[in-house]
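# Architecture and fold: a report
Spelled out from the first residue to the last, the chains are:
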Amino acid sequence: MSAAEVLSFDLRLELPGFTLQGAAEIPLRGITVISGSSGSGKTTLLRALAGLEPAARGHVRFGRQDWTHLPPEKRQVGFVFQDGRLFRHMSVERNIRYGARRRATPESELREVIRALDLEGMLARRPASLSGGEARRVALARALASRPRVLFLDEPMVGLDPERRGEVLPYITRAADEFGLAVLYVSHSQFEKGLLADRELPVAGGRIGAMRDGPARLELPVAEAGGGQVVFRVGGERLALPGEGEVGQLWELRPGHGSILAGAHPGATTAAAVLPVVAAGRDEAPRRVRVRIEGQEFSVPGERDYAPGEKLWLICPRLRGRWRGGWARQEKQRAK
Amino acid sequence: MTDAWGPVWLSLKLAGLTTVILLAIALPLAWWLARSRSPLRPFVEAVTALPLVMPPTVLGFYLLVLMNPDSPLGRAFVTITGETLAFSFPGLVFASVIYSFPFAVQPLQTAFQSVGRGVMEAASTLGASRLDAFRTVALPLSGRGLLTAAVLTFAHTLGEFGVVLMVGGNIPGQTRVISIEVYSAVETLDYARAHQLSAGLLAFSFVTLVVVYMLNRRGGVHVGG
């Protein structure tokens, strides 16, 4: 990977009673989830990368640019804070325009952000009158409108009830897809990680771990669409997910956590999908094997060695599909 | 009539000028006090609050020493303007700035503290320099604190007596402000004049305080809310 495409750092930050230390190279595409339990240093890492921790020692490079001594206002990081931090003395519109004016965002781009986040109806409102989910959307829009080169999201779902999460999540994937932005996403939620992560950077006790690939995913074109569902063809099987799409659209499917590799088809099952796969060898990580499906290779949990080329079945209790910020979830059905 | 209104006009001029100068000094200082983690902070805070606890005569005495034409400050003033700083209107302005210092700094400091680091960080990630963020975020959010500081400084300067007497004396048109005029009126048994000015000052001070408390109530516990 060339230097132009990564955010690399080697940092040490000593705070009272806590030390954050480690190095990593984060590819500047897709969503990188910074994971770890509360107090592990995830947020501190994000803050240090954004230039908000002046006591941090070491170096940060963004592509070819040295960020080590660059003040936060020059880094062009779109930072969405956990607590929103909207300017309460300004309307929603002035909040969104704050960064846009300082980074000379064209009006058309600004309108695009407002449209993508469905904020047209609330531009005149004050932050105090917004619901939790609305405030997160405004904070996201404010960050996007400032023409960021990378988006930092600090637990943007914390404190939202599941319904509001479902409301905000699609906007985040849409931001990453439509605006082509690399996203660093701090979260301790397995659910969000499973849904969003292209890769994962674990942080534990202030130590930054080694980068891991995100959960397995499959890219498949829609074979049939209509009637509130989209259908894919996988290794001769017909797989249907609820959702709206068009034939030929490329969707991303994620088997999610808890998938099981089996030598024989389980027959009648409550699993969301049973996918025919081919063993492709051991994975570097322990207790994982690599499998191939439709010409795509990924790693799944597996307890024993399989001969390369052996035909297997991947039983997925859950399967999620997404296209451009629209997520469809299938928990229990499997099309025949 | 001009003579009768002279002290009033002089007091207003002194209070207005003091307020403007003091806010210009207090804004950056209060910001520093609200944000700094420097070990020097308690000392600066103590110096700022000194005029609250010192007798005006003590403060006036030191100011007089400082403004003496033999002192560096006094000599510099004489060199520049050709006049002495003590017993002059500029000297009075200087003394008022020192005397009213805590009344400008403390409400601003409280207001700035309530702004918090969070929104300032948000502004910086959105491309605002420190000065820009101060102007567009911290200052508007501290509007009420700023108003409180201005009103208190103005009212406090209007009501000062001891320091004025020490460093300004009683020169008509130069240093004879309302409080001094009241003192003179009582000395010469002109009670009607003393009543007139005292009642005016009392009413003004009362209204001022009501306005300040009403502003604070609207802002909840935070002066700068």
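The numbering scheme is per chain: residues are counted from 1 as the chain's sequence reads. By the order in which they are written, chains take letters starting at A while ligands take numbers starting at 1. Local features in a predicted model are, by the rule used here, given only for residues with pLDDT of at least 70; side-chain atom pairs are given and counted only at 80 or more, and totals for whole chains, interfaces and linings are based on all residues. Calculated side-chain values reflect all of the structure's heavy atoms, with hydrogen atoms and water omitted.

### So, the overall build of chain B
A run of DSSP states H or I qualifies as a helix once it reaches four residues; a run of E qualifies as a strand once it reaches two. Both are numbered from the N-terminal end. Looking only at helices and strands, chain B features twelve helices and zero strands. Sequence-ordered secondary structure for chain B, helices as α and strands as β, is α-α-α-α-α-α-α-α-α-α-α-α. Oriented by its inertia axes, the alpha-carbon framework of chain B measures out at about 65 × 40 × 30 Å. For chain B, with 225 residues in total, the buried portion stands at 45%. Pairs at least 24 apart in sequence give 73% of the contacts found in chain B among residues at least 6 apart. Within the structure as shown, chain B displays about 11400 Å² of accessible surface, and the carbon and sulfur contribution to it stands at 70%. Burial here depends on accessible area, computed with a 1.4 Å probe over protein chains only, as a share of the maximum for the residue type. Under 20% is buried, over 50% is exposed, and the range in between is partly exposed. Contact definition: two residues touch when any of their heavy atoms are within 4.5 Å. Methods summary: accessible areas were calculated by the Shrake-Rupley approach with a probe of 1.4 Å, and residue burial reflects only the protein chains presented.

### As for unusual backbone geometry
Residue and element names in this part refer to chain A. One non-glycine residue, R85, lies in the positive phi region at around 55°. Among the residues examined, R85 registers a relative accessible area of 17% and is labelled buried. In this structure, E155 is a non-glycine residue whose phi angle is positive, near 40°. On the secondary structure map, E155 appears in the loop between β7 (150-154) and α6 (162-178). Residue class for E155 comes out buried when judged on its relative accessible area of 8%.

### Re a nonpolar patch on the surface
A cluster of nonpolar side chains, namely B:F206, B:V207, B:V210, B:V211 and B:M214, defines an oily patch on the protein surface of about 470 Å² accessible area. Inspection of the secondary structure puts B:V210 in helix α12 (residues 191-218). Nonpolar side chains (Val, Leu, Ile, Met, Phe, Trp, Tyr) within 5 Å and like charges within 9 Å form the patches, drawn only from residues with over 30% relative accessible area and no salt bridge. In what follows, salt bridge is the name for a side-chain nitrogen of Lys or Arg lying within 4 Å of a carboxyl oxygen of Asp or Glu.

### Describing helix α2 (residues 41-53) of chain B
By this rule the span expected of a helix is its residue count minus one, scaled by 1.5 Å. Given a rise of 1.5 Å per residue, 13 residues ought to cover 18 Å, and the 19 Å separating the end C-alpha atoms of α2(B) matches this to within 8%. One axis is fitted to the seven residues ending at the residue and one to the seven starting there. The bend at that residue is the angle between these axes. Where α2(B) bends most, at B:V47, the angle is about 30°, and the proline B:P51 comes one to four residues later.

### Considering the sheet that holds strand β14 (residues 229-234) of chain A
Residue and element names in this part refer to chain A. Pairing is antiparallel in the open sheet, where three strands are placed in the order β13-β14-β15. Edge positions in the open sheet fall to β13 (224-226) and β15 (237-242), since each of these has one partner strand only. Recorded for the sheet is a direction-independent mean angle of 20° between the axes of neighbouring strands. The pairing of β13 with β14 spans three bridges and is antiparallel. Directly across from A225, in β14, lies its bridge partner V230. For two strands to pair, DSSP has to find at least two bridges joining them. In this analysis an axis means a line fitted to C-alpha atoms, helices contributing only their contacting stretch, and an angle means the value between N-to-C directions, from 0 to 180 degrees.

### Some words on the confidence of the model for chain B
Model confidence for chain B is summarised by a mean pLDDT of 86, while 95% of its residues fall at 70 or above. pLDDT: the predictor's confidence for each residue, scored from 0 to 100. Taken element by element, the predicted model of chain B shows its lowest mean pLDDT in helix α10 (residues 162-168) of chain B (83) and its highest in helix α7 (residues 117-125) of chain B (94).

### Considering the sheet that holds strand β20 (residues 296-301) of chain A
Residue and element names in this part refer to chain A. Taking strand neighbours across the sheet as the criterion, the five strands line up as β17-β21-β18-β19-β20 in an open arrangement whose pairing is antiparallel. Unpaired on one side and paired on the other, β17 (260-262) and β20 mark the two borders of the sheet. The average undirected angle you get between the axes of adjacent strands in this sheet is 45°. Across three bridges, the pairing between β17 and strand β21 (residues 311-316) is antiparallel. Bridge pairing in β21 places I260 opposite I315.

### Section: the environment of A:T270
If you trace the backbone, A:T270 turns up in the loop between β17 and β18 (273-282). As a C-alpha pair, A:T270 and A:W313 span 43 residues in sequence and 15 Å in three-dimensional space.

### What to know about the interface of chain B and chain A
Contacts between the two partners involve 18 residues from chain B, matched on the other side by 20 residues from chain A. Taking both sides of the interface into account, the surface hidden between chain B and chain A amounts to around 1600 Å²; carbon and sulfur atoms contribute 58%. Once two parts are brought into contact, the accessible area they lose, counted with a 1.4 Å probe and summed over both, makes up the buried area. If you sort the residues of chain B by the area they bury against chain A, B:E121, B:T125 and B:L126 come out on top, with a joint share of 40%. At the boundary of chain B and chain A, one finds three salt bridges. A 3.5 Å cut-off defines polar contacts: any pair of N or O atoms within that distance qualifies, except that in protein one atom must be a possible hydrogen donor and the other a possible acceptor, and neighbouring residues in sequence count only when both atoms are side-chain atoms. Put simply, chain B and chain A have eight residue pairs in polar contact (both at pLDDT 80 or more) between them. For the side of chain B that touches chain A, the elements supplying multiple residues, two or more each, are α7 and α8 (130-141) of chain B. Classifying every residue of the side of chain B that touches chain A by side-chain character gives nine nonpolar, seven polar and two charged. Each residue gets one of three labels, nonpolar for Ala, Val, Leu, Ile, Met, Phe, Trp, Tyr, Cys and Pro, charged for Asp, Glu, Lys and Arg, and polar for the others, Gly among them.

### Details of the nonpolar core
Here is a general trend for soluble globular proteins: nonpolar side chains tend to be buried in one another's company. Here, nonpolar core refers to any group of buried Ala, Val, Leu, Ile, Met, Phe, Trp, Tyr and Cys residues whose side-chain atoms link them within 4.5 Å. In this structure, A:L7, A:F9, A:L45, A:L49, A:F87, A:F152 and A:L184 are the most contacted members of the largest nonpolar core, which totals 79 residues. The dominant element in this core, judged by the number of residues it contributes, is helix α1 (residues 2-35) of chain B, at ten residues. Setting aside anything within four residues of it in sequence, one finds A:F87 in contact with A:N95, A:Y98, A:P127, A:R142, B:V119, B:A122, B:A123, B:L126 and B:V137. If you look at the next biggest cluster of nonpolar residues, it comprises 39 residues, including A:L117, A:M122, A:V138 and A:L140.

### A look at the packing of helix α3 (residues 56-67) of chain B against helix α5 (residues 89-99) of chain B
Residue and element names in this part refer to chain B. Where α3 meets α5, the closest approach of the two axes is 11 Å, and the angle between their N-to-C directions is 135°. Classified by the angle between their axes, α3 and α5 sit oblique to one another. The handedness of the crossing between α3 and α5 comes out as right-handed. On α5, the residues that touch P56, L59, L63, L66 and M67 of α3 are G91, F94, A95, I98 and Y99. Grouping the amino acids of the contact of α3 with α5 by side-chain chemistry returns nine nonpolar, one polar and no charged. In this scheme, roughly parallel covers angles under 35 degrees and roughly antiparallel covers those over 145, while 65 to 115 is roughly perpendicular and the rest are oblique. Put simply, a crossing is left-handed when the front helix is turned counterclockwise from the back one by less than a right angle, and right-handed when it is turned clockwise.

### Re the pattern of salt bridges
Evaluation of the coordinates by the stated rule reveals 24 salt bridges over all chains. We note a salt bridge from A:E53 to A:R47, for which the minimum N-O separation is 2.8 Å. The class of A:E53 is buried, set by a relative accessible area of 15%. Classification of A:R47 as buried rests on a relative accessible area of 14%. Salt-bridge contacts for B:E121 lead to A:R85; the nearest nitrogen and oxygen are separated by 2.8 Å. Linking B:E121 in helix α7 with A:R85 in the loop between β6 (77-80) and α3 (92-102), this pair reaches from one chain into another. Each member of the pair, B:E121 as well as A:R85, is classed as buried.

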